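# Report on the structure
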Amino acid sequence: MKTDPAEKIRSLREQIRRHDELYYVQNAPEISDRKYDELFGELKKLEQQNPLLITPDSPTQRVSERPIEGFGQVTHSLPMLSIDNTYNADELRAFDERIAKGLGTKDYCYAVELKIDGLAVSLRYEKGRLVLGATRGDGTTGDNVTNNIRTIRAIPLSLGDNAPAVLEVRGEVYMPKKAFAQLNEQREQQGQALFANPRNAAAGSLKLLDAKTTSQRKLAFFAYAIGQTNGTFAKTHLEGLEKLKKFGLPVNPHIKKAANIDEVIKICDKWEIERFKLDYQIDGMVIKVNNLNQRDILGTTGRSPRWCISYKFPAEQAQTKILSIDVQVGKTGILTPVANFEPVQLAGTTVKRASLHNFDEVQRLDVCVGDTVIIEKAGEIIPQVIEVKKDLRPKTAKQFLPPVICPECGSNVQKDENGVYIRCISSNCPAQLKEKLRYFAGRDQMDIENLGPAIIDQLVDKKIVKDFADLYKLDVNTLAELDRMADKSAWNIVDGIEKSKSQSLDRLIAALGIRHVGIQNGEILAEHFGSIDAIKKATVEELTTIDQIGPVLAESICQYFGDDDNIKIIDKLVAAGINPEYKKTKQSDALAGKTFVVTGTLEKFSRTEIEKAIKQNGGKVSSSVSKKTDYVLAGAEAGSKFDKANQLGVKVINEGEFLEMVKT
Ligand code: IVH
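Figured I'd write up the structure that's included with this text. Keep in mind that what you see is a predicted model, and the values were worked out from it rather than measured. (Residues numbered from 1 in each chain as written. Predicted model: local features only at pLDDT ≥ 70, side-chain atom pairs only at ≥ 80, totals over all residues. Heavy atoms only, no water.)

### Some words on the overall build of the protein chain
Of the regular secondary structure elements, the protein chain holds 25 helices and 26 strands. Its C-alpha atoms give the protein chain a radius of gyration of 29 Å, near enough to 26 Å, the size a compact globule of 664 residues would have. By principal-axis analysis of the C-alpha atoms, the protein chain measures approximately 80 × 70 × 55 Å. Within the protein chain, the proportion of its 664 residues that are buried is 49%. Of all intrachain contacts in the protein chain linking residues separated by at least 6 positions in sequence, the fraction that spans at least 24 positions is 68%. Here the protein chain has roughly 33,400 Å² of accessible surface; of this, 48% comes from carbon and sulfur atoms. One finds the centroid of the 93 positive side-chain charges in the protein chain at a distance of 3 Å from the centroid of its 92 negative side-chain charges. (Helix = DSSP H or I, 4+ residues; strand = E, 2+ residues; numbered from the N terminus. Rg over C-alpha atoms; globule rule 2.2 N^0.38 Å. Buried < 20%, exposed > 50% of the residue type's maximum accessible area, 1.4 Å probe, protein only. Contact = heavy atoms within 4.5 Å. Areas by Shrake-Rupley, 256 points an atom, 1.4 Å probe, with all protein chains shown as cover. Lys, Arg positive; Asp, Glu negative; His and termini not counted. Charge placed at Lys NZ, Arg CZ, Asp CG, Glu CD.)

As structure tokens, then:
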């Protein structure tokens, strides 16, 4: 029995590090999670009793408790380059010809790797200690995300005594599919916006200012390259990766050596099929010349090295059968046809349904119940029907006709004048009410935290909530009686509802769900009228005198406030204490005369919020990058707009720099 706490602490740390490595690097855990937690708990307790023995590289010190204000910028010691893409075998062969020509020999080989769909980071170890974690950013400078990087258990905080004085490791932070599914499920329950794919989720999680939240996001990491280091670390890429593995860094187990381009193509073809078996998402393969001297000979062109290429997989398609078509009712009564399929595997998930968008689309595709169809995932996540296999149509196939009554409440429906949409025209349709409440509580409107869709469904089905105003009558006792509702959740919802009472007038106007009135028009109305009471009295003539308001919008607003039922709800909201006065939101002229284009996912702002912030500070927002653009504000996973900005030499800034610009 060891009694010296220092010795015991040292031993526990060593054991925990070993098990981290077995789990994340070797993929061969030796102990259960429970046992691991026990070791961890014991270490934590001993450290609490002996705080002087706590060191920054202890496994207990991954999460820093205090959120930070913003990320600092890091200039990469060596630039983080990007890779050119290929899409087929011919392009891969052309790449190989360029390599052979560049080297003047056929004596070379490749390393073939999975292209992990996450975000690139650079980890800097000095004397074996992790001192810096940075995002790729624009390749030259990135964000200092060390606090968040430290929370990723797959990333060792120390490499041991044999590590070089300086070692920069580059690799991909990613979110395993399972963690992604769990995170989105949880967000859906809480009524938060879903992440479109694991890559966005990983990027969003790594760019949080509160490392505690990042630590709960179950991020993982694979090392795939070496940045700055002192001395010669390795002569070949594969040898370097082996060494990284020995230092306890996770390296993807599927990396293969290929003697020639035929072997490369074979490996790529194999993974194109087998990729869905992996528990993380890959979007292609990366092919690299293995010998580092040969890489030097080949060199770099602009943004990407000549010795490396990616092979991108095509969008996955699947064939399935339409079993039935449902009609869903939206918040303004729009009826949307949704196809139910024979479940089919598509790009790693089982797909059972897809929106057919509207009845004109049903007609255009000429889709019948019983048809065999080809589906594809748009943006890797939303399944779409792209083609009907007419030659496979069975005799029993049934044409799908647009509904003549609302499938939810049986009321009459109407086709929009000159439009494609068919609507339920009832004002008492429960399906519409559910959607309206979801929108009312949404992040860009009243932002009622914790009031998720499942809860709204129950509240409407049980007739507890008949309109927006009824939300403000809910108490903990009523909520606690709903299915699957813990006391704590009930309290959280009541708390969220209470907080929403102080939302601004523009948000309240948007939340009402008036046709054509979103957050932007909500703001225009709020600014012009100053109170709900004044808008209520406005006539079409008066409304159309406002610059940005045309006759259709004016008509819609008057129609809304001309309806007694709506007025009753508004009166009830006012009685519940929700009657904001307009507060002038113009904050500064800091961005006067400047045009911004926003791209990628931002951490602190939704798209609506950032556009509002730009305008409130005197700036303009545009949707496409041109020479006239002053700044491109790029968030995680910025796409072609980012590239365009670089091409045109338009300044690219990140969220931190934007906040700096508008700081008063
Ligand atoms: S190598 C100069 N290897 O793909 C080469 N990149 O489109 C540096 N990626 O920014 C990158 N898996 O985020 C490399 N096995 C892999 C990769 C990989 C994913 C990402 C990385 C990079 C992007 C390029």
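After that view, the rundown keeps rolling.
### Regarding empty space enclosed by the protein
Applying the stated criterion across every chain yields a total of two cavities of 30 Å³ or more. By volume, the largest cavity is sized at about 60 Å³. Taken together, Glu-113, Leu-114, Ile-116, Phe-222, Ala-223, Tyr-224, Asn-252 and Ile-255 form the lining of the largest cavity. Elements that contribute at least two residues to the lining of the largest cavity include exactly strand E3 (110-116) and strand E8 (220-229). For the lining of the largest cavity, a count of residues per class yields six nonpolar, one polar and one charged. In this model, the second largest cavity occupies a volume close to 40 Å³. Taken together, Leu-508, Leu-512, Ile-532, Ile-570, Leu-573, Val-574 and Ile-578 make up the lining of the second largest cavity. When residues of the lining of the second largest cavity are assigned to their parent elements, the largest contribution, three residues, is made by helix H22 (residues 564-575). Considered class by class, the residues forming the lining of the second largest cavity number seven nonpolar, no polar and no charged. (1 Å grid on protein atoms, 1.4 Å probe; cavity = no way out; pocket = protein on both sides within 12 Å on 5 of 7 lines; lining within 4 Å. Points joined across faces, edges and corners; volume = space filled by probe spheres on them. Nonpolar A, V, L, I, M, F, W, Y, C, P; charged D, E, K, R; others polar.)

### Examining the nonpolar core
With 53 residues, the main nonpolar core has Phe-440 and Leu-543 as its most contacted residues. The contacts of Phe-440, once residues within four sequence positions are left out, are Gln-445, Met-446, Asp-447, Ile-448, Phe-468, Leu-471, Tyr-472, Leu-508, Ala-511 and Leu-573. In this structure, Ala-234, Leu-238, Leu-241 and Phe-247 belong to the second largest nonpolar core, which totals 41 residues. (Core = buried A, V, L, I, M, F, W, Y, C linked by side-chain atoms within 4.5 Å.)

### Quick look at the pattern of salt bridges
Any two side chains of opposite charge can pair if their charged atoms end up close together. Taken as a whole, this structure holds 42 salt bridges when the rule is applied. The shortest N-O distance in the salt bridge between Asp-326 and Arg-353 comes to 3.6 Å. On the criterion of sequence distance, the pair formed by Asp-326 in strand E14 (residues 317-329) and Arg-353 in strand E16 (residues 349-355) is long-range, its members being 27 residues apart. For Arg-353, a relative accessible area of 36% puts it in the partly exposed group. Across the pair Arg-438 and Glu-435 runs a salt bridge whose closest N-O atoms are separated by 2.8 Å. Of this pair, Arg-438 and Glu-435 both sit in helix H12 (residues 430-440), three residues apart, roughly one helical turn. Assessed through its relative accessible area of 27%, Glu-435 is described here as partly exposed. Residues participating in the shared-partner salt-bridge network are Arg-124, Glu-126, Glu-168 and Arg-170. (Salt bridge = Lys/Arg side-chain N within 4 Å of Asp/Glu carboxyl O.)

### A look at the side chain of Asp-283
Tracing the backbone shows Asp-283 in strand E10 (residues 282-289). Residue contacts for Asp-283: discarding those within four places in its chain leaves Lys-115, Asp-117, Tyr-311, Lys-312 and Phe-313.

### Let's talk about the site of the ligand
Near the ligand the following residues occur: Ile-83, Glu-113, Leu-114, Lys-115, Ile-116, Ala-120, Glu-172, Tyr-224, Val-286, Lys-288 and Pro-305. Take Lys-115: an N or O atom from its side chain is 3.3 Å from an oxygen atom of the ligand. Within the backbone of Ile-116, an N or O atom sits 3.0 Å from a nitrogen atom of the ligand. Burial of the ligand by the surrounding chains reaches 87%, relative to a free accessible area of 520 Å². Secondary structure elements with two or more residues in the shell around the ligand: E3 and E10. Element by element, the count of residues in the shell around the ligand is highest for E3, at four residues. (Near = heavy atom within 4 Å. Polar contact = N/O pair within 3.5 Å; in protein donor to acceptor, adjacent residues only side chain to side chain.)

### Some words on helix H9 (residues 261-274)
Taking 1.5 Å of rise per residue, 14 residues should cover 20 Å, and H9 covers 20 Å from first to last C-alpha, within 8% of that figure. Residues of H9 that are buried sit in contact with helix H3 (89-103), E3, strand E9 (256-258), E10 and strand E13 (308-312). (Expected span 1.5 Å × (residues − 1).)

### A word on the sheet that holds strand E23 (residues 595-599)
By way of backbone hydrogen bonds, the strands of a sheet pair with one another, either parallel or antiparallel. Strand order across the open sheet formed by four strands is E24-E23-E25-E26, with parallel pairing between neighbours. With one partner strand each, in any of the chains shown, strand E24 (620-622) and strand E26 (651-653) form the two edges of the open sheet. In this sheet, neighbouring strand axes are inclined to one another by 35 degrees on average, regardless of whether the strands run parallel or antiparallel. Alignment of E23 against strand E25 (residues 631-634), held across four bridges, turns out to be parallel. Across the sheet, Thr-599 pairs through a bridge with Ala-634, a residue of E25. (Pairing = 2+ DSSP bridges. Axes fitted to C-alpha atoms, helices over the stretch in contact; angles between N-to-C directions.)

### Details of the sheet that holds E8
One open sheet accounts for four strands, arranged E5-E4-E7-E8; its pairing is antiparallel. Bordering the open sheet on either side are strand E5 (129-135) and E8, each of which pairs with just one other strand. In this sheet, neighbouring strand axes are inclined to one another by 25 degrees on average, regardless of whether the strands run parallel or antiparallel. Pairing of strand E7 (residues 166-174) with E8 involves seven bridges; the strand directions are antiparallel. Looking across to E8, one finds that Gly-171 is bridged to Ala-223. Lying over the sheet, helix H6 (residues 198-206) contacts strand E4 (119-126), E5 and E7, oriented at roughly 40 degrees with respect to E4. Helix-sheet contacts for helix H8 (residues 237-246) involve E7 and E8, and the interaxial angle to E8 is about 115 degrees.

### A look at the pairing of E7
Regular strands place side chains that alternate from one sheet face to the opposite one. Within E7, nine of the nine residues are buried, leaving the element largely enclosed by the surrounding structure. Here E4 runs beside E7; their pairing, made up of eight bridges, is antiparallel. Across the sheet, residue Glu-126 finds its bridge partner in E7, namely Val-166.

### A few points about the packing of aromatic side chains
Tallied over the entire structure, the rule returns 16 aromatic pairs. With 5.9 Å between their ring centres and 35 degrees between their planes, Phe-95 and Tyr-110 make a pair best called tilted. On the criterion of sequence distance, the pair formed by Phe-95 in helix H3 and Tyr-110 in strand E3 is long-range, its members being 15 residues apart. Residue Phe-95 is classed as buried on the basis of its relative accessible area, which comes to 1%. We classify Tyr-110 as buried; its relative accessible area is 0%. Between Tyr-560 and Phe-561, the ring centres sit 5.1 Å apart and the planes meet at 80 degrees, which makes this aromatic pair edge-to-face. Each of the two residues, Tyr-560 as well as Phe-561, counts as buried. Feature note: the residues Phe-596, Phe-605, Tyr-631 and Phe-658 constitute an aromatic cluster, connected by ring pairs. (Phe/Tyr/Trp six-rings, centres within 6.5 Å; stacked < 30°, edge-to-face > 60°.)

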